[in-house]
Amino acid sequence: MSKETLQFQAETKRLLDLVINSIYTNKEIFLRELISNASDAIDKLHFESLTNKEILEGEDEYEIFILPDKETKTLTISDNGIGMTRGEVISNIGTIAQSGTKAFLEKIKESEGKLDEELIGQFGVGFYSAFIVADEVEIITRKAGETAAVKWISDGAGEYTIEDCEKDSRGTMIVLHLKNEFVGGEEFDFTNTYTLENLVKKYSDYIRYPIKMNFEVKGKPEEEPTIEIRTINSMQPLWTRNKSDIKPEEYEEFFKHQFHEWENPMEIFHTKAEGTIEYTALLCIPKHAALNLYYSDYEAGLQLYSRHVFVMEKCKDFLPDYLRFVKGLVDSPDLPLNISRELLQQSREVKKIGKALEKNILKQLSKILSNDREHYEEFWNEYGKSLKIGVYNNAYDEKVKDDLKDLLMFETSTQEKLSTLAEYVSRMPETQTKIYTASGKDKETISQMPQMEILRERGIEVLYLLDPVDEFAVESLNKYADKEFQAVTREDFELDDEESKKTKNEVEELAKSHADLLKDVKEVLGGAVSEVRLTSHLKSGAVCLATGVNGPSLNMEKTFAAMNNPFFKAQRILEVNPNHALFKKLSGLHALGKDNDEFKNFCQLLYTQALLIEGIMPDNPVEVANKIADLMAK
């Protein structure tokens, strides 16, 4: 195919402009990224070769080669990995970050245009960091198993050229035409062999493939120097060493380059098991949750090795979905090297290893909660949602719920800090038999709910369910320490003390004498509510909405609506405070007849008031505004 000049995708063009013109905190990051990409390309080839040896073309020795050239002001990083086709080059290089593009650019905007390695690592746009140091970048690549090669060239100004070319071997070669400041400079010289060697040892020493470079070896003064090819990384898998011999900074650096992280991990797990199943696992919890952690495009899973040889990049069968944020690898001699994905899913050994890892992680989290509360809360703020989703997704698995319930944390109406369920129960008075909960978008909104007034008056603590998943998780648990959860917005909400029981009886008697009124209000409101009743748990509030014991709550209804699923509707019950002046007004209007327009309008306005308290807009705001105006004019 002839030479083409193509435009970058619009977002890619914006990114390149930021890359070229922004100030970076670390100009070395390009080398780390390009080496990691080369390693990934070899991983992919190795995986393909497990079932298709021919793709190796008779060459099964993998390597990454770095070639600096001060004369031409170039730095070349090449690999003999999987390579790319013409279409893959256009797709992979011409388009950035796919679903993460918008989020990436928004993050850049928040940081006032200043990029750093954390952002690059988060969004997988490391290739473009080459333009930090290069005026022009050239890619020459040939896909393994194919004969056609392709050359890609760009100066990062918004377009690139692509054409067919010749390449003797598979893999990818990236040629950086370095900016003058990075050739022979005092601070940065990326054509200096020893500078590059130090950077490789610093960032990529644990890459499992040899990283090679030419070194000039000087003999006697009268002799011409010779060139010696050396491997500059150790390649010794970190997880094979004794834990006592590994420094914290070695763990940290390993996770950074192995899993494209740019911060030290929040927590590290290094376990070795021997016996019926032998394995080594090296896992970590990243410092921050990935922005797409809870989206379908997030790829969870651990790297799988057999006898230190890479088998699979994302094995999803080791850990449950609620631990999807954990990164790391498992190396076991008890798993066959050529194991297929289908066989792996049915592997008894994999399931046993997975259960052991899950148990170990939860045990460690529990220990952190007990011994280092501040550190656990740091974890919870990043990953608590995952554990709550785990409870909800395993509503019928008592073992999982039992494992997770003591790790959950919530804000409450009386505490300045997060509280576990065990801590809440420990503060309950002996007379309290239920754990009271309230859902809302924030603490202030919940505190203003009319149902909360009586709870504050009685000094009863309420769990605040601020995340949409909280309510689903709590309902899945059903109870904790034999104490049932009680939502203050459910129709069965009642307090246990004698005063409340007495008031409830009085209200029930009053409701009998106003049965016709309640029936007629329900008739006016029609299908908007399933019931209208008097309530004993409102103090100064006139009305509120409650929902049926079964089915979604109002908060759940909002969550489903936000997910474009409007069919899950809460059963709405209008509760009226018989001690409020508006109830007396309602009774007076009812005496004029149930078909009286003023009575009907009053009923509609009461219901609208209850909706607004819940943060729900009425179907026809203009009509409501006109009714309020008419009422105010009288």
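Notes on the structure follow. (Residues numbered from 1 in each chain as written. Predicted model: local features only at pLDDT ≥ 70, side-chain atom pairs only at ≥ 80, totals over all residues. Heavy atoms only, no water.)

Things to note about the sheet that holds strand β8 (residues 211-217)
Note on sheets: strands pair through backbone hydrogen bonds, and any given pair is parallel or antiparallel.
Then, in step 1: A sheet is described by the order of its strands in space; here nine strands give the open sequence β1-β6-β5-β4-β7-β3-β2-β8-β9, paired in mixed fashion. Each edge of the sheet is formed by a strand with only one pairing partner; in this case those strands are β1 (4-7) and β9 (226-231). For this sheet, the mean inter-axis angle between neighbouring strands, taken without regard to orientation, is 20°.
Then, in step 2: Pairing between strand β5 (residues 149-154) and strand β6 (residues 159-165): five bridges, direction antiparallel. Along β6, the bridge assignment pairs W152 with I162.
Then, in step 3: Here helix α6 (residues 193-203) sits on the sheet in contact with β2 (64-69), β3 (74-79) and β8, set at roughly 150° to β8. (Pairing = 2+ DSSP bridges. Helix = DSSP H or I, 4+ residues; strand = E, 2+ residues; numbered from the N terminus. Axes fitted to C-alpha atoms, helices over the stretch in contact; angles between N-to-C directions. Contact = heavy atoms within 4.5 Å.)

A short note on the pairing of β2
Then, in step 1: As judged from the six bridges shared by β2 and β3, these two strands associate in the antiparallel manner. In the sheet register, D69 faces β3, and the bridge partner there is T74.
Then, in step 2: Counting the residues between successive antiparallel strands, the hairpin from β2 to β3 contains four residues, one of them, K73, with a positive phi of roughly 55°.
Then, in step 3: Where β2 and β8 come together, three bridges link them in parallel fashion. Note that in β8 the partner of I66 across the bridge is M213.

A short note on the packing of aromatic side chains
Then, in step 1: Going through the model one piece at a time under the given rule, you end up with 21 aromatic pairs.
Then, in step 2: Summarising the aromatic geometry, the rings of Y376 and F379 are spaced 5.5 Å apart at their centres and angled 50° between planes, so their arrangement reads as tilted. Residue Y376 and its partner F379 are both found in helix α10 (residues 373-393); the two are separated by three residues, about one turn of the helix. One exposure class covers both Y376 and F379, and it is buried.
Then, in step 3: Above the ring of F215, the side-chain terminus of R230 is found at 4.4 Å from the ring centroid. (Phe/Tyr/Trp six-rings, centres within 6.5 Å; stacked < 30°, edge-to-face > 60°. Buried < 20%, exposed > 50% of the residue type's maximum accessible area, 1.4 Å probe, protein only. Lys NZ or Arg CZ within 6 Å of the ring centre and 35° of its normal.)

Remarks on the pattern of salt bridges
Then, in step 1: Considering all chains together, one arrives at 34 salt bridges under this definition.
Then, in step 2: For the salt bridge of R572 with E557, the shortest nitrogen-to-oxygen distance reads 2.8 Å. You can see R572 sitting in strand β23 (residues 572-576) and its partner E557 sitting in helix α18 (residues 554-562), a full 15 residues away along the chain. No difference in accessibility class separates R572 from E557, as the two residues are buried.
Then, in step 3: Overlapping salt bridges bring together K385, K388, D467 and D470 as one network. (Salt bridge = Lys/Arg side-chain N within 4 Å of Asp/Glu carboxyl O.)

Topic: unusual backbone geometry
Excluding glycine, residues mostly carry a negative phi; peptide bonds, for their part, are mostly trans.
Then, in step 1: If you check the backbone angles, E57 has positive phi at about 55° while not being a glycine.
Then, in step 2: Examined against the element boundaries, E57 turns out to sit in the loop between α2 (29-49) and β2.
Then, in step 3: Using a relative accessible area of 39% as the deciding quantity, one classes E57 as partly exposed.
Then, in step 4: Positioned with a positive phi, A481 is a non-glycine residue whose angle comes to about 50°.

Topic: the sheet that holds strand β22 (residues 543-547)
Then, in step 1: As summarised here, the arrangement of the three strands in space is β21-β23-β22, forming an open sheet in which the pairing is mixed. For this open sheet the edge positions go to β21 (531-534) and β22, each flanked by a neighbour on one side alone. In this sheet, adjacent strand axes meet at a mean angle of 30° when their direction is disregarded.
Then, in step 2: Pairing analysis gives four bridges linking β21 to β23, with the strands arranged parallel. From the neighbouring strand, L534 faces β23, where its bridge partner is V576.

A short note on the environment of S513
Then, in step 1: By the element assignment, S513 lies in helix α16 (residues 498-513).
Then, in step 2: Judged by relative accessible area, S513 falls into the exposed class, the value being 55%.
Then, in step 3: Of the polar contacts made by the side chain of S513, one reaches the backbone oxygen of L510; its length is 2.7 Å. (Polar contact = N/O pair within 3.5 Å; in protein donor to acceptor, adjacent residues only side chain to side chain.)

Topic: the packing of α2 against α6
When two helices pack together, their arrangement is captured by the angle between the axes and the distance separating the axes.
Then, in step 1: Across the interface, α2 lies against α6 with an axial gap of 10 Å and an inter-helix angle of 65°. With respect to each other, α2 and α6 are oriented roughly perpendicular. As α2 runs across α6, the sense of the crossing is right-handed. On α6, the residues that touch L31, R32 and I35 of α2 are L196, L199, V200 and Y203.
Then, in step 2: Per-class residue counts for the contact of α2 with α6 are six nonpolar, no polar and one charged. (Parallel < 35°, antiparallel > 145°, perpendicular 65-115°, else oblique. Left-handed = near helix turned anticlockwise from the far one by under 90°. Nonpolar A, V, L, I, M, F, W, Y, C, P; charged D, E, K, R; others polar.)

Regarding the side chain of E461
Then, in step 1: Among the structural elements, E461 can be located in the loop between α14 (452-457) and β18 (462-465).
Then, in step 2: Looking at E461, the relative accessible area reads 8%, which means it is buried.
Then, in step 3: Of the polar contacts made by the side chain of E461, one reaches the side chain of T412; its length is 2.7 Å.
Then, in step 4: Polar side-chain contacts of E461 include one of 3.2 Å to the side chain of T414.
Then, in step 5: Apart from the residues lying within four places of it in its own chain, the contact partners of E461 are T412, S413, T414, Q415, Y424, R427 and Y436.

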